Amino acid sequence: MDLRIFTEPQQGASYDTLLTVAKATEDLGFDAFFRSDHYLRMGSVDGLPGPTDAWITLAGLARETKRIRLGTLMTAGTFRLPGVLAIQVAQVDQMSGGRVELGLGAGWFEEEHKAYGIPFPKEKFARLEEQLAIVTGLWATEAGQTFSYDGTYYQLTDSPALPKPAQRKVPVLIGGHGATRTPRLTAQYADEFNIPFASVEDTERQFGRVRDAAEKAGRAADDLVYSNALVVCVGKDDAEVARRAAALGREVEELKANGLAGSPAEVVDKIGRYAAVGSSRIYLQVMDLDDLDHLELISSQVQSQLS
């Protein structure tokens, strides 16, 4: 079971804070550092000092880390033109020495689009499908060849399809709860399927849909990585769990029901339940980015039991 650290910087984090967490992620033996791609806080937090851009952040971290994978859950397709996104991700992959992964979604948070003047189209999922075709098509085009695309929303003519990523293939992540279109797109374009904030039962059901879609597309279902994203709140004892839950503004029992919360033994047991339905990777949503002791506890008492 791979454990990855997943952050939500729109809730309030500077680049320096993210760098500190990314370095701790690397030093403590976690597999990867991922971040959301949002420009506006959610809920009652103040979000200070303000948003950081996902790919600018990852470019900086690419030069400041050496081992961990770096990526997004999920880049909003509404934020960037697909050709520009392909260039950005390829460049950050080069800067990292081939450690980048792209999670790409349709975009959903209308308020942040209004706040920063970003168009919020109705046809988001259809656009996402074209974006996936373009980004992966540009990367797959052989050097010296050109790439063209004539879609409903995007048209590319004789693109040189440069630059190329450092990796032969940048892993692409698709995620969500959709019953039909999401599994189909995953089967066609993704290397990994991620389901966010889902129960074990819902996870098993959605993994089954994705596996079925892969087989219908003529692809081995086991070619894909299957993963979860879950909030994490671990403590040495009940008092520490309660303190960390309070810092998140959530109740312990709710966190235990909907995430990975409790003692290290409780969390290891719950992770085992996800592993039993096919998950091999978990993105631990860490909300209090100043609590590095939390990461150390997870590394020493949870991750150590899963290795």
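Residues numbered from 1 in each chain as written. Predicted model: local features only at pLDDT ≥ 70, side-chain atom pairs only at ≥ 80, totals over all residues. Heavy atoms only, no water.

1. Notes on the nonpolar core
- Judged by nonpolar contacts, the single largest core of 74 residues is most densely connected at Trp55, Leu102, Trp139, Leu260 and Leu284.
- It is helix α5 (residues 124-140) that contributes the most residues to this core, 8 residues altogether.
- Every residue in contact with Leu102, bar those within four places of it in the chain, is listed here: Trp55, Thr72, Thr75, Leu85, Val89, Val135, Trp139, Val170, Pro171, Val172 and Leu173.
- With 8 residues, the next largest nonpolar core counts Phe6, Phe34, Leu73 and Leu173 among its residues. (Core = buried A, V, L, I, M, F, W, Y, C linked by side-chain atoms within 4.5 Å. Buried < 20%, exposed > 50% of the residue type's maximum accessible area, 1.4 Å probe, protein only. Helix = DSSP H or I, 4+ residues; strand = E, 2+ residues; numbered from the N terminus. Contact = heavy atoms within 4.5 Å.)

2. Remarks on the pattern of salt bridges
- This structure, assessed with the given rule, holds 20 salt bridges.
- One salt bridge in this structure joins Glu101 and Arg69, with 2.9 Å as the shortest N-O distance. One end of the pair, Glu101, is in strand β5 (residues 100-105); the other, Arg69, is in strand β3 (residues 69-72), and 32 residues separate them in sequence.
- Residue classification places Arg69 among the buried residues on the basis of a relative accessible area of 17%.
- Of the charged contacts in the structure, one is a salt bridge between Asp202 and Arg205, with a shortest N-O distance of 2.6 Å. Taken together, the positions of Asp202 and Arg205, both in helix α7 (residues 200-216) and 3 residues apart, correspond to about one turn of that helix. (Salt bridge = Lys/Arg side-chain N within 4 Å of Asp/Glu carboxyl O.)

3. Observations concerning the side chain of Thr72
- Looking at where Thr72 falls in the secondary structure, it is placed in strand β3.
- Of the polar contacts made by the side chain of Thr72, one reaches the side chain of Thr75; its length is 3.0 Å.
- Only 3.1 Å separates the side chain of Thr72 from the backbone oxygen of Gly103, close enough to count as a polar contact.
- Discounting residues that sit within four places of it in the chain, Thr72 has contacts with Phe34, Arg35, Ala54, Trp55, Leu58, Glu101, Leu102 and Gly103. (Polar contact = N/O pair within 3.5 Å; in protein donor to acceptor, adjacent residues only side chain to side chain.)

4. Quick notes on helix α6 (residues 181-189)
- Looking only at α6, the buried set comprises Thr182, Pro183, Leu185, Thr186, Ala187 and Tyr189.
- At its buried positions, α6 is contacted by α5, β8 (172-175), β9 (192-196) and α7.

5. A short note on the pairing of strand β12 (residues 281-286)
- Taken across its 6 residues, β12 has 6 buried, putting it largely inside the fold.
- Both faces of β12 are covered, namely the face carrying Arg281, Tyr283 and Gln285 and the face carrying Ile282, Leu284 and Val286.
- As judged from the 6 bridges shared by strand β1 (residues 2-7) and β12, these two strands associate in the parallel manner. Among the inter-strand pairings, Ile5 is bridged to a residue of β12, identified as Leu284.
- As paired elements, strand β10 (residues 225-234) and β12 share 5 bridges and run parallel to each other. Paired with Ala229 across the strands is Tyr283, a residue of β12. (Pairing = 2+ DSSP bridges.)

6. What about the pairing of β10?
- Across the 10 residues of β10, 9 count as buried, placing the element largely inside the fold.
- Relative to β10, β9 runs parallel, the two sharing 5 bridges. Following the sheet pairing, Ile195 is matched in β10 by Asn228.
- With respect to chirality, the unit in which β9 leads through α7 into the neighbouring parallel β10 is right-handed. (Right-handed = clockwise from strand over helix to strand, strands pointing away.)

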